[in-house]
Amino acid sequence: MPSLHVRGLDRFVDDVHAQFDAWAAVDTFRTAIGDDGLAVLRLAAHEWVANLVQHAEFCGPAELALSLEIVDDGLRCQIEDSSRGFDFVRQLDAQRSIFETPAPSERGRGLLMLVSCTEDLAFREVSETDPQQIAFTVRAPEDDNLFASLFRPEDIMLDAAPEDLPLPVGEEQGDGASDAVAPIEVRPDPLSS
Amino acid sequence: MSFSFQKVSSTAAVVRVGKALDFRNAAEFKAACQDHARQGVRYYVLDFSGTGILDSTGLGVIFSLYRQLTPAGGQVVFASVSRPVQVVVQLTRTYKVFRQFPTVEAALEAHQGGTSPQAQGGSSQIGAPGAA
């Protein structure tokens, strides 16, 4: 399984992207999910790493391990980090509540993006023996099959027809969009790999 | 910071986004856009040629700019959209919001062709976020 180990918070984002640049040149990965699929996978990884850089607390050296694996008809990405961890589900719920505020901030949608554009997402909480870990799969995107609704209709289309408006998460209708928001598996115990 | 501004008229500017617009430079990008808006710029052409990263925060500040400009008759359009950015645009369906042009020149021609924000009353000042 190809992997990357990064040490130093300030290097997380650039090193992860450099690794994805290298993986994007690997024929087996490109064949697995295509260039667009790789771009989605990179984006999902970026959003997670961005969340770590901005919000995670590290009591020791900030370290990150990134790996990629070919599965069935997709690619599975796994990211472990040395942070003290955080409540993923609570943070995600907080991001979803952004749609209930009158003038939501432009920030705080990264986890929504991550959840929306990946499948089989599994999160392992940090424990005394295991680091925090997230894993997710991206399969070759089909036309219009992916939908990450990150903005409220009234915030983005001031004079648009209703049918042109992206809907908030959880209100997608009848075009396969709801399939893109998969349930999250949260594992308090170590993943069996 | 990887972006740069080129003011092409009193009301229009081309923003070369550069390699990335993400959580690391989004605030700086937003402040720069607002500086130009205060100078009267209402039409922003975002040049995404060579842009490898547009994340949720980067997209968020573009929406923020859009929300502020629209009541004043302004526009934000995309030009020379790179494939990674196109994937984000497709994923978020923001192609329904931001007009796209194959080149910066085409975007500027469209602006000069009659849909100028100035012609629609561009003397308005940008409002506070959410003040539509």
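Residues numbered from 1 in each chain as written. Chains lettered and ligands numbered in written order. Predicted model: local features only at pLDDT ≥ 70, side-chain atom pairs only at ≥ 80, totals over all residues.

**A look at the confidence of the model for chain B**
Residues and elements named next belong to chain B. Of the residues in chain B, 85% have a pLDDT of 70 or more, and the chain-wide mean is 85. This stretch, residues 116-132, has a pLDDT under 50; its non-local contacts, to residues over four places away or in other chains, come to 37 contacts. For this predicted complex, the interface confidence score (ipTM) comes to 0.83, while the overall pTM stands at 0.80. (pLDDT = per-residue confidence, 0-100. Contact = placed C-beta atoms within 7 Å.)

**Here's the deal with helix α1 (residues 26-38) of chain B**
In an α-helix, one turn spans 3.6 residues; hence positions three or four apart end up facing the same way. Residue and element names in this part refer to chain B. Over its 13 residues, α1 runs 18 Å from end to end, which matches the ideal 18 Å to within 8%, given 1.5 Å per residue. All buried positions along α1 are accounted for by Ala 26, Phe 29, Lys 30 and Cys 33. Buried residues of α1 fall within an arc of 95° about the axis and therefore sit on the same side. Counted as exposed and oriented over 90 degrees from the buried face of α1: Ala 31, Asp 35 and Arg 38. The elements touched by buried residues of α1 are β3 (20-21), β4 (43-47) and α2 (56-69). Phi turns positive, to about 105°, at Gly 40, one or two residues after α1. (Helix = DSSP H or I, 4+ residues; strand = E, 2+ residues; numbered from the N terminus. Expected span 1.5 Å × (residues − 1). Buried ≥ 20, exposed ≤ 12 C-beta atoms within 10 Å, placed from the backbone. Arc of directions from axis to C-beta.)

**Considering the sheet that holds strand β2 (residues 12-16) of chain B**
All names here are of chain B. The strand order β1-β2-β4-β6-β7 describes an open sheet built from five strands, whose pairing is mixed. With partners counted over all chains shown, the strands left at the sheet margins are β1 (4-7) and β7 (100-101), one partner each. Of the strand pairs in this sheet, β1 and β2 are connected by four bridges, and their pairing is antiparallel. Counted as the bridge partner of Gln 6 is Val 14 from β2. With respect to the sheet, helix α4 (residues 104-112) is in contact with β2, β4, β6 (75-79) and β7, its orientation differing from that of β4 by roughly 165°. (Pairing = 2+ DSSP bridges. Axes fitted to C-alpha atoms, helices over the stretch in contact; angles between N-to-C directions.)

**Quick word on the packing of α1 of chain B against α2 of chain B**
Residues and elements named next belong to chain B. Interhelical geometry of α1 versus α2 gives an angle of 20° and a closest axis separation of 9 Å. Put simply, α1 runs roughly parallel to α2. At the point where α1 passes α2, the crossing takes the right-handed sense. From α1, Ala 26, Phe 29, Lys 30, Cys 33 and Ala 37 reach across to α2, where they touch Thr 57, Gly 58, Val 61, Ser 64, Leu 65 and Leu 69. Grouping the amino acids of the contact of α1 with α2 by side-chain chemistry returns seven nonpolar, three polar and one charged. (Parallel < 35°, antiparallel > 145°, perpendicular 65-115°, else oblique. Left-handed = near helix turned anticlockwise from the far one by under 90°. Nonpolar A, V, L, I, M, F, W, Y, C, P; charged D, E, K, R; others polar.)

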